[in-house]
Amino acid sequence: MRQRIIRALTAALVAGNLFLPSVGNAEVQTYEGVGEYIMSDFETPDVAKQRAKLYAERAAQEQAGVYVKTYSRMENFKLIDDEIVTMTSGILKVLNVDYNLVPIEHGGIMYRATISASIDTDKVDEWLTQGVSERKSLIEKNRELQRQLDEQEKLIAQLKTKAQRSDNPSKDDALKAEFATADKIFMSNIKLEEGDRLNLVIADWAYEAAVKCWTEAIELNPNNFLAYESRGYYFHLGHVGRFDEAIADYTRAIELRPAVAENYFYRGETYMHVGEVQLAKRDFERALGLNPQMSAPLGELAYIYATNGDTRKAIEYANRALEYNERNWRAYYSRGLAFFALGDFETALADGKSALEWGCADAYQLIGDCYDKLGLRDEAEYNWELAKDPPAFG
């Protein structure tokens, strides 16, 4: 079971519809970044350090982005700038951080953070194997996070100016409260990013640490919809038996940001896990209403129709899903079920094999059933045995 969970989490960037092993030999590139931040009288050293570290990470990400751009071209992919920024932000691993206290003229304190960070090309490969819609979703999420961080920078600059103009800022309770609120929102986003990166580490301790970070992010800012989205995704994929928590997180994320198709899709997937097929169907349709080219909900609807005996719609939705992502295993598997029900065992077998190629362990049963109908008993029994205990993919 643990291997199945790990495989699912490794495929997190493809909306639950693709697992593809990395190609070639992995390389690790290391970078150094330096960031500085002048602390005001209203800020704590911990917050000032985190702001300096954020600037250091941005510096390292810019260096890493140059390498990612070159590497992606070698793999025959041309990425837009937003994709490169999103990718490097998500997969950059901070190895070490050093902080130095730097006195500045006319009083005041500046923190300087120096980080060493790395990027693993395996993670780049995972990004390059996603469908267009899934990459777009991650880009939008990163844009939103960066927008919030940029707004935070502007707000802090305004508050610092306000403090300088105050006759007696040390007694300005309203100003203190504004700084405290701004710091909480900033630290909430820092915890969000920390949790997202931990979630890419394949280890039990990292998953639990990621949940802790997302929970702290929500406690610091109960309106941090990105933290609900990240934690909900982990609950729905990472831990069997935590589906109720996933549904609650996605529901809250939808309340805070109702125009995000992915939240409806993932809540729909979670409803599928608990057997609420009609609720799942409704959410998949809502996701498509927001993003008609999103392959994942099309594949899930194809599965629902296939298992309900509506073979025409199953094939129609599977074809649409594969039009937008040719690696959507759910679509291949669902279409295979539909063709099997129609008695077209050769076509069903081909779809079963395609589903298996992209990581669908359930396809062993379908492949076995097809071989059986085609009179190939040995091949059928071989695949039925594999269906009982599927080998790990990748």
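Residue numbers run consecutively from 1 along every chain, following the written order of its sequence. Restriction of local features to residues with pLDDT of at least 70 applies here, the model being predicted, together with a cutoff of 80 or more for giving and counting side-chain atom pairs; totals for whole chains, interfaces and linings are based on all residues. Only hydrogens and water are set aside; all other atoms, that is, all heavy atoms of the structure, feed into the side-chain values.

S.K.: Please explain the overall build of the protein chain as it appears in this structure.
M.R.: Looking only at helices and strands, the protein chain features 17 helices and three strands. Considering the protein chain as a whole, with its 394 residues, one finds that 52% of them fall into the buried category. Sequence separation of at least 24 residues holds for 63% of the intrachain contacts in the protein chain that already meet a minimum separation of 6. Areas reported here follow the Shrake-Rupley algorithm with a probe of radius 1.4 Å; residue values treat only the protein chains shown as occluding. For the protein chain, the exposed surface amounts to about 18700 Å²; the carbon and sulfur share of it is 50%. Each helix is a run of DSSP H or I of at least 4 residues and each strand a run of E of at least 2, with the numbering of both proceeding from the N terminus. The classification of residues rests on relative accessible area computed with a 1.4 Å probe and restricted to protein chains. Under 20% of the type maximum is buried, over 50% is exposed, and intermediate values are partly exposed. The contact rule is simple, with two residues in contact once any of their heavy atoms fall within 4.5 Å.

S.K.: What is the right way to read the pattern of salt bridges from this model?
M.R.: When their charged atoms lie close together, side chains carrying opposite charge are able to pair. Salt bridges, as used here, are contacts in which a Lys or Arg side-chain nitrogen is within 4 Å of a carboxyl oxygen on Asp or Glu. Going through the model one piece at a time under the given rule, you end up with 26 salt bridges. The shortest N-O distance in the salt bridge between Lys53 and Glu57 comes to 3.8 Å. Taken as a pair, Lys53 and Glu57 lie in helix 2 (residues 45-74) at a separation of four residues, close to a single helical turn. We classify Glu57 as buried; its relative accessible area is 6%. Connected through salt bridges with shared partners, the residues Lys191, Glu194, Lys212 and Glu216 form a single ionic network.

S.K.: When you look at the side chain of Asp351 in this model, what are you seeing that I'm missing?
M.R.: You can see Asp351 is positioned in helix 15 (residues 345-357). In this structure, Asp351 is in contact with Tyr332, Arg335, Gly336 and Phe339, ignoring residues within four places of it in sequence.

S.K.: Explain the packing of helix 11 (residues 277-290) against helix 12 (residues 295-307) here, please?
M.R.: Two quantities define a packed helix pair, namely the angle between the axes and the distance from one axis to the other. It is the contact of helix 11 with helix 12, at a shortest axis distance of 9 Å, that shows an interaxial angle of 145 degrees. In the packing of helix 11 onto helix 12, the handedness of the crossing is left-handed. In this structure, helix 11 contributes Val277, Lys281, Phe284, Glu285, Ala287 and Leu288 to the contact, and helix 12 contributes Pro297, Leu298, Glu300, Leu301, Ile304 and Tyr305. Class assignment for the residues of the contact of helix 11 with helix 12 results in nine nonpolar, no polar and three charged. Note on definitions: angles span 0 to 180 degrees between N-to-C directions of axes, and those axes are lines fitted to C-alpha atoms, for helices only across the stretch in contact. Left-handed describes a crossing whose near helix is turned anticlockwise from the far helix through less than a right angle; right-handed describes the clockwise counterpart. Three classes are used, and their members are as follows: Ala, Val, Leu, Ile, Met, Phe, Trp, Tyr, Cys and Pro are nonpolar, Asp, Glu, Lys and Arg are charged, and the others, Gly among them, are polar.

S.K.: Can you walk me through the packing of aromatic side chains in this structure?
M.R.: How two aromatic rings sit relative to each other is set out by the distance from centre to centre and by the angle between their planes. Only Phe, Tyr and Trp rings take part, Trp by its six-membered ring, and two of them pair if their centres are within 6.5 Å. Stacked means planes under 30 degrees apart, edge-to-face means over 60, and tilted covers everything else. Tallied over the entire structure, the rule returns 12 aromatic pairs. Taken together, the ring pairs connect Tyr233, Tyr250, Phe265, Tyr266 and Phe284 into an aromatic cluster. In this scheme, Lys NZ or Arg CZ marks a charge over a ring once it lies within 6 Å of the ring centre and within 35 degrees of the ring normal. Here the guanidinium or amino end of Arg51 rests over the ring plane of Phe186, the centre of that ring lying 4.0 Å away.

S.K.: I keep staring at the environment of Arg51 and nothing clicks. Help me out?
M.R.: Locating Arg51 in the fold gives a position in helix 2. The class of Arg51 is buried, set by a relative accessible area of 2%. Separated by 136 residues in sequence, Arg51 and Met187 place their C-alpha atoms 9.1 Å apart. Among all residues touching Arg51, those that are not within four sequence positions of it are Tyr37, Glu43, Gln152, Ile156, Ala182, Asp183 and Phe186. Identification of polar contacts relies on pairs of N or O atoms within 3.5 Å, with a donor-acceptor requirement for protein atoms, meaning one able to donate a hydrogen and the other able to accept it, and with residues adjacent in sequence counted only if both atoms are side-chain atoms. Of note is the side chain of Arg51, whose polar atom sits 3.4 Å from the side chain of Glu43.

S.K.: Would you mind going over helix 12 with me for this structure?
M.R.: Since the α-helix advances by 3.6 residues per turn, residues separated by three or four positions end up pointing in the same direction. In a helix, the anticipated span is given by 1.5 Å times the number of residues less one. With 13 residues, helix 12 extends 19 Å between its outermost C-alpha atoms, agreeing within 8% with the 18 Å of an ideal straight helix rising 1.5 Å per residue. For helix 12, the buried fraction is high: 11 of the 13 residues fall into the buried class. For helix 12, the set of buried residues is Ser295, Ala296, Pro297, Leu298, Gly299, Glu300, Leu301, Ala302, Ile304, Tyr305 and Ala306. Phi turns positive one or two residues past the end of helix 12, at Gly309, with a value near 90 degrees.

S.K.: Can you help me understand the nonpolar core in this one?
M.R.: Across soluble globular proteins, you tend to see nonpolar side chains buried next to one another. Ranked by internal contacts, the top residues of the largest apolar core, which has 74 residues, are Phe186, Phe265, Phe284, Leu301, Tyr317 and Ala363. Per-element accounting of this core gives the leading share, eight residues, to helix 8 (residues 225-238). Sequence-distant contacts of Phe186, that is, excluding residues within four places in its chain, are made with Val47, Gln50, Arg51, Leu54, Leu149 and Gln152. Within the second largest apolar cluster, 27 residues are counted, among which are Ala56, Ala60, Ala64 and Phe179. Joining through side-chain atoms within 4.5 Å is the link that ties buried Ala, Val, Leu, Ile, Met, Phe, Trp, Tyr and Cys residues into a set, and such a set is a nonpolar core.

S.K.: Whenever I open this one, the environment of Ile315 confuses me. Can you help?
M.R.: Relative to the assigned elements, Ile315 resides in helix 13 (residues 311-324). With 10 residues separating them along the chain, Ile315 and Tyr305 place their C-alpha atoms 8.7 Å apart. When neighbours within four sequence positions are excluded, Ile315 is seen to be in contact with Arg335, Ala338, Phe339 and Leu342.

S.K.: Looking at this structure, I do not really get the packing of helix 10 (residues 261-273) against helix 11. What am I missing?
M.R.: Relative to each other, helix 10 and helix 11 sit at 165 degrees, their axes nearing to 8 Å. For the element pair helix 10 / helix 11, the angle class is roughly antiparallel. Crossing angle aside, the handedness with which helix 10 passes helix 11 is left-handed. Along the contact surface, helix 10 presents Ala261, Tyr264, Phe265, Arg267, Gly268, Glu269, Tyr271 and Met272, while helix 11 presents Val277, Leu279, Ala280, Arg282, Asp283, Phe284, Arg286, Ala287 and Leu290. Of the residues contributing to the contact of helix 10 with helix 11, the split by class is 11 nonpolar, one polar and five charged. The labels follow the angle: roughly parallel below 35 degrees, roughly antiparallel above 145, roughly perpendicular from 65 to 115, and oblique for the rest.

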